[in-house]
Amino acid sequence: MIGRLTLLLASVSLTFLTGNSVAFEYGILRVPKSVETLRHDLLTRPLLCLEKIEYGLDAATQLSGDASFYSVKVQVATQQIAALCALRAGKPVLAEQYIDHSLELAQTHQAYLLQGNLIAALIAAQDPNQSTHAQQHLDAATEMAQSLKYYPLPNLQFQIQRLQGLRHMSMGQFNEAKNHLLRAKEEAYASQSAFFRARAEDLLGRLSVRNDQPELALSHFNEALNFIRSAQSDAEHLLLSEINEEIAAIYMQQQETDIAQQYQENAIEQAEALGSPQLLARQIATLADMASHTNQQNVAIAHLFVARDFANQARLWEISADIEHRLALNYQAINDYTAALLHFEVARELYQRQQQPDNELSVLLDLGLLHIANGEAGLAILQLERAEELANTMGLTPSHTRVFKTLAEAYEQNGNFDLALEHYKLFHQLSSQYQEIRAKYSDQQFKQHYQYIEQAHQLSELTQEKAALLQKTSFQQLILTLSAVLIVLLIMLYISSRQRSIAQGHRMRKLNHQLERNPATGYYQLHHCSDPPQYAQALCTELQLV
């Protein structure tokens, strides 16, 4: 078993940047066909992919005492793939640990170091607080790219520009993000790759969604679909599934439920062709939400059970917890108290195991509301006091204010009016503080956005002035050029006429000299010339008369 893992990891190292490579994980990493299985696991079962890699490293450590049992290149490649697996599995902290280790090992391997910086930038770009780190990795990748001329340049520039766009998008700087994504689009079109072109349009569509431009987003998404009409690879199946899901969400917001469900079913079809339980679970759950939105709770519940089976099959407990929560809400909507209570408890337990206090707090609030609706104020207070204890460890959040409001309602229903009044006061106090914080944050964002618009406007005015100046200068240069050409022509004409006049004068003097010395010979020459020159015409006529 260890020997097979050694060969697998060695093949990753030896052919990592060579051979027939295809794009995966948004085109950053190039994987040879010899590790096709690992690439497939990365896209379909990232947790399984991560477990395989971790098992291989652990086996090497137990066998030899440390991971140096593998060559440095094998270790670097393995750490980079593990970082991507962790990122797709929703474990960004683990992804950072893997990629940091990879960068430490790759200091003497420039190609791997370049690729590692791109992956590190991708991981950091997801978090606005890591924007500086993302920029540092992109700067390092750009500098190294100049010395690696064999690396496919259009692909590399596409990665750098799109990662810059993602970095600005995570910070809410949509104008800056658009500029970089448009450059990424230019690089994608230069690469002649349908996948990169579709990915560039997809990124612009996602930016338009974030910027509240649904029609523009639909235009970009449809353009992306035109580039990949029939998926031929795992990466294309994944991209098509995500694009159809984005389109479905837009139509859902526009209350076009039938069209939205059609695109969502297309997304599920692509996810099924890819064979990704994680993607299937998420997208079937989204289809269930659409049914729930149209008050088809029974249909939604059926979809959610199917989604839960896929999530449990792949041991995706976070997704399973979300599905259990949705099942509870749908059962509550059809007044099935017992089923709702059961699924709320299962969801709370799963969230607690996964250490997700925000989601656990949300479930406790919903449990409290369920007990209040069922007239069980005592049970509601019990759940909500647990929620208050949890919220106190999390700081000021919207859920925190909801805790005090719901707890006040439970105390009021239970007849504890003093406690109810106290919690109502706390609710209003925290709500005011939270609104003040949000207002300050919104003002700051507005000021930054306004400053950017002013700068863009000033730049536009300067550009227009420069264009007008260039146009005026071009016209003046044209006039000067034509004048110079005319003057040169006149000078050449004058010189030509002057030379001809001098030649004629010289000829006239010569004939006069001959006539003076020998009139007979000079007359004979003039009389027998076939075409006497004009200046000698009069002299010729006079001699003939004589």
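These numbers were taken from a predicted model, which means no experiment stands behind them.

Analysis parameters
Residues numbered from 1 in each chain as written. Predicted model: local features only at pLDDT ≥ 70, side-chain atom pairs only at ≥ 80, totals over all residues. Heavy atoms only, no water. Salt bridge = Lys/Arg side-chain N within 4 Å of Asp/Glu carboxyl O. Helix = DSSP H or I, 4+ residues; strand = E, 2+ residues; numbered from the N terminus. Buried < 20%, exposed > 50% of the residue type's maximum accessible area, 1.4 Å probe, protein only. Patch = residues over 30% accessible without salt bridge, like charges linked within 9 Å, V, L, I, M, F, W, Y side chains within 5 Å. Areas by Shrake-Rupley, 256 points an atom, 1.4 Å probe, with all protein chains shown as cover. Expected span 1.5 Å × (residues − 1). Contact = heavy atoms within 4.5 Å.

A. Spatial organisation of the pattern of salt bridges. Applying the stated criterion to the full structure yields 13 salt bridges. A salt bridge links Arg206 to Glu246; its shortest N-O distance comes to 3.4 Å. Of the two residues, Arg206 is situated in helix α10 (residues 194-210) and Glu246 in helix α12 (residues 234-253); the sequence distance between them amounts to 40 residues. Here Arg206 falls in the partly exposed class, since its relative accessible area comes to 22%.

B. Up close: a nonpolar patch on the surface. A surface patch of nonpolar side chains, amounting to about 370 Å² of accessible area, comprises Val485, Val488, Leu489 and Met492. Considering the arrangement of structural elements, one finds Val488 in helix α21 (residues 417-517). Looking at Val488, the relative accessible area reads 44%, which means it is partly exposed.

C. Region of interest: helix α14 (residues 277-293). Over its 17 residues, α14 extends 24 Å from the first C-alpha to the last, a length consistent with the 24 Å expected when each residue adds 1.5 Å. Counted residue by residue, α14 has 12 buried out of 17 residues, so it is predominantly covered. Remark: Asn295 follows α14 within two positions and exhibits a positive phi of approximately 60°.

D. Quick look at the side chain of Glu236. Its place among the elements puts Glu236 in helix α12. Residue Glu236 is classed as buried on the basis of its relative accessible area of 15%. Once you skip the residues sitting within four places of it in the chain, Glu236 turns out to touch Phe195, Ile228, Ser230 and Ala231.

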